[in-house]
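Examination of the molecular architecture
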Amino acid sequence: MDLRQGIGLRRLGTTADEFQQDLLSSLYYRRGTTVESASARDAYEALALTVRDRLADRRARTAAAHYASNPRWVYYLSAEYLLGAQLEQNLLYSGTGEVAAEAVKAFGRSLEEIEELDVEPGLGNGGLGRLAACLVDSMATRDIPAVGYGIRYDFGIFKQSVEDGGQAERPDDWAFQGNPWEFTAADDRQTVGFYGHTEPVAGSEIRRHWVPGEIVLGEPSHMLVPGYGTETVNIVRLWRARGSEASFDLSRFSAGQYAEAVQEAVRAENISKVLYPDDSTELGRELRLKQQYFLCSCSLRDIIRRFRLRNQDWDDFAEKTVVQLNDTHPTIAIPELMRLLVDEYGLGWDRAWSITRRTFAYTCHTLLPEALETWPVHLFERLLPRHLEIIYLINMLFLQEVEARFPGDAERVRRMSIIGEGDERRVRMAHLAVVGTEAVNGVAELHSKLLRETVLQDFADLWPAKFQNVTNGVSPRRFVKLANPRLSDLITEGLGDDSWLTDLEHLAGLEPLAGDAAFAERWRAVKRANKVDLGAGDPDSLTDVMIKRFHEYKRQQLKLLHVITMYHRIRENPAGDWVPRTVLFAGKAAPAYHAAKNIIRLINAVGATIEADPVVSPYLKIVFAENYNVTLAERIVPAADLSEQISLAGKEASGTGNMKLALNGAITIGTLDGANIEIRARVGEENFFLFGLDAFQAAEMRIGGYHPRAHYERDAELRAALDAIAAGEFGGVGREVADSLLGWDEYLTLADYRSYLDAQEEVERAWRDPARWTRMSILNTAHSGFFSSDRTVADYAARIWRVGPVTVPRED
Ligand code: NTF
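Bear in mind that the values here come from a model prediction, so they are computed numbers and not experimental data.

Conventions adopted
- Residues numbered from 1 in each chain as written.
- Predicted model: local features only at pLDDT ≥ 70, side-chain atom pairs only at ≥ 80, totals over all residues.
- Helix = DSSP H or I, 4+ residues; strand = E, 2+ residues; numbered from the N terminus.
- Rg over C-alpha atoms; globule rule 2.2 N^0.38 Å.
- Buried ≥ 20, exposed ≤ 12 C-beta atoms within 10 Å, placed from the backbone.
- Contact = placed C-beta atoms within 7 Å.
- Near = placed C-beta within 6 Å.
- Nonpolar A, V, L, I, M, F, W, Y, C, P; charged D, E, K, R; others polar.
- Domains from an automatic or database assignment.
- Pairing = 2+ DSSP bridges.
- Expected span 1.5 Å × (residues − 1).
- Axes fitted to C-alpha atoms, helices over the stretch in contact; angles between N-to-C directions.
- Parallel < 35°, antiparallel > 145°, perpendicular 65-115°, else oblique.
- UniProt positions renumbered as here; feature names shortened; annotations may be inferred.
- Arc of directions from axis to C-beta.
- pLDDT = per-residue confidence, 0-100.

Considering the overall build of the protein
For the protein, the helix and strand inventory stands at 33 helices and 25 strands. The C-alpha atoms of the protein give 27 Å as radius of gyration, which agrees with the globular expectation for 812 residues (28 Å, within 12%). In terms of overall dimensions, the protein has C-alpha extents of about 90 × 75 × 60 Å along its principal axes. In the protein, which comprises 812 residues, the proportion classed as buried is 51%. For the protein, long-range pairs separated by at least 24 residues make up 76% of all intrachain contacts whose partners lie at least 6 apart in sequence.

Some thoughts on the site of the ligand
Lining the immediate environment of the ligand, one finds 18 residues, of which Gly 127, Leu 128, His 365, Ala 653 and Ser 654 sit closest. Classifying every residue of the shell around the ligand gives five nonpolar, ten polar and three charged. Residues from two domains meet in the shell around the ligand; each of domain 2 (70-85 + 120-471) and domain 3 (476-692 + 752-787) gives at least three.

Some thoughts on the pairing of strand E18 (residues 439-442)
Here E18 shows no split at all, with Ala 439 and Asn 441 on one side and Val 440 and Gly 442 on the other all buried. Of the pairings in the sheet, the one linking strand E14 (residues 360-363) to E18 comprises three bridges and is parallel in character. Looking across to E18, one finds that Thr 363 is bridged to Asn 441. Sheet topology places E18 next to strand E19 (residues 467-469); three bridges connect them, and they run parallel. Pairing of Val 440 across the sheet is with Phe 467, part of E19.

Section: helix H32 (residues 770-782)
Look at H32: 18 Å from first C-alpha to last across 13 residues, which is about the 18 Å you get at 1.5 Å a residue. Counting buried positions along H32 yields ten of 13 residues, so the element is predominantly enclosed. When we look at burial in H32, the residues that qualify are Trp 773, Thr 774, Arg 775, Met 776, Ser 777, Ile 778, Leu 779, Asn 780, Thr 781 and Ala 782. Its buried side turned inward, H32 meets helix H21 (517-534), helix H25 (657-663), strand E24 (667-670), helix H26 (676-683) and helix H31 (749-767).

Comments concerning the sheet that holds strand E20 (residues 542-547)
The parallel open sheet is built from six strands, whose spatial order is E22-E21-E20-E23-E24-E25. The sheet is open, and its two borders are formed by strand E22 (620-625) and strand E25 (689-690), each paired with just one other strand. The sheet contact formed by E24 and E25 spans two bridges and is parallel. Of the residues in E25, the one forming a bridge with Ile 669 is Phe 689. Most of the contacts of helix H23 (residues 594-611) go to E22, to which it runs at about 140°, and overall it touches strand E21 (581-586) and E22.

Quick look at the packing of helix H6 (residues 127-141) against helix H33 (residues 789-801)
Interhelical geometry of H6 versus H33 gives an angle of 75° and a closest axis separation of 8 Å. Classified by the interaxial angle, the pair formed by H6 and H33 is roughly perpendicular. Seen from H6, the contacting residues are Cys 134, Leu 135, Asp 137, Ser 138, Met 139 and Thr 141; seen from H33, they are Ser 789, Asp 790, Thr 792 and Val 793. Across the contact of H6 with H33, the residue classes tally to four nonpolar, four polar and two charged.

A short note on the environment of Val 803
Mapped onto the elements, Val 803 comes out in the segment after H33. Between the C-alpha atom of Val 803 and that of Glu 182, which follows or precedes it by 621 residues, the distance is 28 Å.

Here's the deal with the sheet that holds strand E15 (residues 374-376)
Ordered by their spatial adjacency, three strands build an open sheet running E15-E17-E16, and the pairing between neighbours is antiparallel. Looking at strand neighbours, the two that pair on one side only are E15 and strand E16 (419-421), the edges of this open sheet. Adjacent strand axes in the sheet meet at a mean angle of 35°, parallel and antiparallel pairs treated alike.

Concerning the pairing of strand E5 (residues 159-163)
Relative to strand E6 (residues 166-170), E5 runs antiparallel, the two being bridged by five bridges. If you follow Gln 160 over to E6, its bridge partner there is Glu 169. As consecutive antiparallel partners, E5 and E6 are separated by two residues, and within that stretch Asp 164 has a phi angle of approximately 50°, a positive value.

Quick look at the packing of helix H22 (residues 556-572) against helix H29 (residues 716-726)
Running from amino to carboxyl end, H22 crosses H29 at an angle of 100°, the nearest separation of the two axes being 9 Å. In terms of their interaxial angle, H22 and H29 are classed as roughly perpendicular. On H29, the residues touching Leu 561, Ile 564, Thr 565 and His 568 of H22 are Glu 717, Leu 718, Ala 720, Ala 721 and Ala 724. In terms of residue class, the contact of H22 with H29 is built from six nonpolar, two polar and one charged.

Considering the domain arrangement of the protein
Much of the literature gives interface size as the accessible area that the parts lose upon coming together. Segmentation of the protein into domains returns domain 1 (1-69 + 90-119), domain 2 (70-85 + 120-471) and domain 3 (476-692 + 752-787). Listed as interface residues are 18 residues of domain 1 and, on the opposing side, 15 residues of domain 2. Within the residue set of the side of domain 1 that touches domain 2, elements represented by two or more residues are helix H2 (40-69) and helix H3 (87-93). No other element matches H2, which puts 13 residues into the side of domain 1 that touches domain 2. Tallied by class, the residues present in the side of domain 1 that touches domain 2 amount to six nonpolar, five polar and seven charged.

Some points on the UniProt feature "modified residue: N6-(pyridoxal phosphate)lysine" (unreviewed entry) in the protein
UniProt feature "modified residue: N6-(pyridoxal phosphate)lysine" (unreviewed entry): in the numbering of this structure it lies at Lys 660. Mapping Lys 660 onto the fold places it in helix H25. Residue Lys 660 is classed as buried on the basis of its C-beta count, with 30 C-beta atoms lying within 10 Å.

Some points on the environment of Gly 129
Checked against the element boundaries, Gly 129 lands in helix H6. For Gly 129, a count of 24 C-beta atoms within 10 Å gives the class buried. Put simply, Gly 129 and Ser 78 are 51 residues apart on the chain and 7.8 Å apart in space, counted from C-alpha to C-alpha. Setting aside its immediate chain neighbours within four residues, Gly 129 contacts Glu 80, Tyr 81, Leu 82, Leu 123 and Gly 124.

Comments concerning unusual backbone geometry
The phi dihedral of Tyr 195 falls on the positive side, at around 60°, and the residue is not glycine. Position of Tyr 195 relative to the elements: it lies in the loop between strand E8 (190-194) and strand E9 (197-200). Given 15 C-beta atoms within a 10 Å radius, Tyr 195 is considered partly exposed. Here Asp 327, not a glycine, exhibits a phi torsion of approximately 70°, which is positive. Summarising the element assignment, Asp 327 is placed in the loop between strand E13 (321-326) and helix H11 (333-344).

Re helix H12 (residues 349-359)
Since there are 3.6 residues in each turn of an α-helix, residues three or four apart along the chain are aligned in direction. Of the residues making up H12, those classed as buried are Ala 352, Trp 353, Ile 355, Thr 356 and Thr 359. With its buried residues spanning 165° around the axis, H12 presents them on a single face. Check the buried side of H12 and you find it contacts helix H10 (317-320), E13, H11 and E14.

What about the environment of Leu 123?
Examined against the element boundaries, Leu 123 turns out to sit in strand E3 (residues 122-123). Here Leu 123 falls in the buried class, since 26 other C-beta atoms lie within 10 Å of it. As for Leu 123 and Lys 554, which are separated by 431 residues in sequence, their C-alpha atoms are 22 Å apart. Among all residues touching Leu 123, those that are not within four sequence positions of it are Glu 80, Tyr 81, Leu 82, Gly 129, Gly 150, Tyr 153, Gly 156 and Leu 275.

Topic: the confidence of the model for the protein
Here the protein averages 96 in pLDDT, and 98% of its residues register 70 or above. Taken element by element, the predicted model of the protein shows its lowest mean pLDDT in E15 (93) and its highest in strand E23 (residues 642-645) (99). Interface confidence in the predicted complex, given as ipTM, is 0.98; pTM for the same model is 0.97.

Written out as structure tokens, the structure is:
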């Protein structure tokens, strides 16, 4: 179906002239201004709209093709998306980069200048949110009919700066000046209930009528998600909470009670006000659960609306729909679908349960027990009374199944129950997510194995076939082509074409070039130029980067102990043959996570001490780059020589920064954790600096009685580093860090210290031999093709979603 037929829509031009005309039209008719008086913001908005139009055109054709084929859809439910800046990506994906650069000359401004106004929507915390963004990119690139659902937070992840040596947080009002990439559809609003009570429905044992005590509207807007090298444009649909008309109290307003008059609307709108800046521990706040339910309720109604456009029979629902739950945050969608099917559409319980179970799949992203969400039963009872009833019934039937399989095993029944019976009864969302889905996956081989063997072992015993692994991946468009244009050009030249951008395994073709001296020389030159651009330190120094959220399990403190030891060594032997290093840290700590913030403070204090030391500073420099986000990652990753992936084995589910860095030719120093294991297996053990305990050894050590002090007593350099902190040598900062390492050391930092230092010596040996280093670097890129999110999506599509592509015809 050609949407333009009979409507007579003008086709958008592709030449620089045509593009410029459209740009001027956007400026006149949509910004309401002229070239003469256009501000930088006007130029940016006009350009964004002109580019968006090209994509909207493809979007219309995509929608038509999808409608015509009535395919099986993937709906990705995620509380977080870290989409990154949109302009540069959309120029690339619409193939308008060159004509746009020409056209904006009309404003007397360069494209780069305009691009600086493009603010990234920081609607996520870290890896989980960025993964969601890479997956929607790859779904579009692979022509999979998909919608990503999320929340349009007014305030994204906080802006970080370093004030007085520590982290300071400011709100991120990312769309303060508007967001030209977004389409808002007020007419597609959904109604969401909270609180209230339930009532029986005459003539039914199962159905209940929920009378909510609060009603909130969900207003959708969507952003376009183009595929690369294909016509498909999918969408991410984000919900924003609005008070209903009734939430404004006119009589109170007229009586001068202005605050009271709007309080209900304010309360409603608070639901999508702010992203919770925490990705590992639960705040246990009612508002967070409200956000989750808001997302799920709006999205499911939208999914059902879309299903009913082309289908009538509920028995087709699970054939036409797969809903992927990105971690447990959207798990409330499971009882919500049951409620909609049973209470609102009148299906019987068994039929509804069969549909529900076949519709959902669940991805788990953690192993940390504190990151597995649970909610107090009393909170559910108050906020979502009908859902609690449904969860009880799901649980009762499920536990009967367990009892039938394992008769008399009361302990197992207790362990597996969706309701945890501790001091306080709590709903275990991960259990609900496993029970209510068809497939459960971890995000790297080791993680999936540990899920099966530890955290979810009872469930894997019961349903072994349900458990799968899908190793994470990253978008090579954003993290190589856009982030690292110099390397992209060199790769394309080396391989003879740019087909690697959509089939990343083609990078293996670089292998023969690893031994080519001229190619190696150019490879080094690219890295050097990227370091100059970054401007973080001497471009000839070893650029050693640790960029990720701050968390004790990730062990930024171990990196710091290495830096302090180097500081001591250089001071003791200033004439030594030292390898100059720039150690770059970037990352945010959850505002309430004091131990992580103490580590940030200590990093900055050690950095200042080194900076002030004329003996050491020529060889060692710490840079703390503020406000780590996707945009900053795109600058740091291409400039990195060494990638620090030093979490305690068995704690990092996968990691994706590790993949971005390896893909850009940084060499990893890392433990056998998460996807590091798969990176090492592919790039080759000689091209990876391994150290530390493995997950099994780490678990044994913790069980066998771990004594951090014994490591301290035994190792003079470690002792010197910790003593220096404890003695306040770094501006008096960091005593809590030293105390925690010596007292308990939850993540076995001291146990891995010596092995880590040895591996760092091996790093320096390799670095001193530029030919060896460059060869290792090229081989890292050459063998990282597996880590494309296109492969991740292909795995999900084949093994979990069972969906195929729908091709969108080109315009003829
Ligand atoms: C994160 N999980 C993991 O900590 C990372 O290892 C992983 O790469 C990403 O997910 C993406 O899979 C979380 O952020 C959370 F919320 F689950 F703790």
